[in-house]
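# Descriptive analysis of the structure
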Amino acid sequence: DIIVESNDKITQSDIADIMPYDLSECVDYNSDFTKGYTVSYYNQQVQDAEVVAKRQMLKRIESSIRSKYSSIESLSIDPTYSNIAYNYTLLPAYFFGYEYNKKSYINVMNGQNGKVTGDVPRSPLKITLLVLLLMILIGIPILAIALTM
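Residues numbered from 1 in each chain as written. Predicted model: local features only at pLDDT ≥ 70, side-chain atom pairs only at ≥ 80, totals over all residues. Heavy atoms only, no water.

### Notes on the pairing of strand E1 (residues 93-100)
Here eight bridges tie E1 to strand E2 (residues 103-110), and the two strands are oriented antiparallel to one another. Opposite Glu-99, over in E2, you have Ser-104 as the bridge partner. Hairpin connection, E1 to E2: the antiparallel pair is bridged by two residues, and Asn-101 has positive phi, about 50°. (Pairing = 2+ DSSP bridges. Helix = DSSP H or I, 4+ residues; strand = E, 2+ residues; numbered from the N terminus.)

Below is the structure:
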């Protein structure tokens, strides 16, 4: 199965980052599932999703072939697709946002496995201080060993 996002509020990259979904756990839709939530349904055409799905399948085929051989000089793939089926599946992906230091951050969470993706605030000063601290903590023992030799 290839999962393709058909809503423009979430990117295919976001979906890839919060994968996997266990599709064997899917059940028939019940409106009670979404009560109390703001739900985004599909807003892209199935033809657009098909293009994305075929691109993903082509990458999987190429990766599978390349993993079997140590060296490939040239690879040309022209797959033929059959038994194509489409399923509209409402998967639990939760969006949450917050503001920190007057900047907005948006994150996406897989509601089945808890995996989260998105932006987090980063302080260049704190990162620099952490790197310097690590260099000192690693450097002191190395210097001590070098001086004893």
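### Structural notes on the pattern of salt bridges
The tally for this structure, following the rule as stated, stands at three salt bridges. Note that Glu-50 and Lys-54 form a salt bridge whose closest N and O atoms lie 3.3 Å from each other. Here Glu-50 and its partner Lys-54 are both found in helix H2 (residues 46-67), four residues apart, which amounts to about one turn of the helix. Residue Glu-50 is classed as partly exposed on the basis of its relative accessible area of 24%. (Salt bridge = Lys/Arg side-chain N within 4 Å of Asp/Glu carboxyl O. Buried < 20%, exposed > 50% of the residue type's maximum accessible area, 1.4 Å probe, protein only.)

### So, the layout of surface pockets
What the largest pocket holds in volume is close to 1800 Å³. Lining the largest pocket are 50 residues, with Asn-87, Tyr-88, Thr-89, Leu-90 and Leu-91 positioned closest to its centre. Of all the secondary-structure elements, those providing two or more residues to the lining of the largest pocket are H2 and E1. Of the residues in the lining of the largest pocket, the class split is 30 nonpolar, 12 polar and eight charged. (1 Å grid on protein atoms, 1.4 Å probe; cavity = no way out; pocket = protein on both sides within 12 Å on 5 of 7 lines; lining within 4 Å. Points joined across faces, edges and corners; volume = space filled by probe spheres on them. Nonpolar A, V, L, I, M, F, W, Y, C, P; charged D, E, K, R; others polar.)

### Re H2
For the α-helix, the turn length of 3.6 residues means that residues three or four positions removed from each other point alike. Its 22 residues place the ends of H2 31 Å apart at the C-alpha level, agreeing with the 32 Å of an ideal helix rising 1.5 Å per residue. Along H2, the positions that sit buried rather than exposed are Ala-49, Ala-53 and Gln-56. What you see down the axis of H2 is that its buried residues fit within an arc of 65°, all on one side. Buried positions along H2 lie against helix H1 (12-18). (Expected span 1.5 Å × (residues − 1). Arc of directions from axis to C-beta. Contact = heavy atoms within 4.5 Å.)

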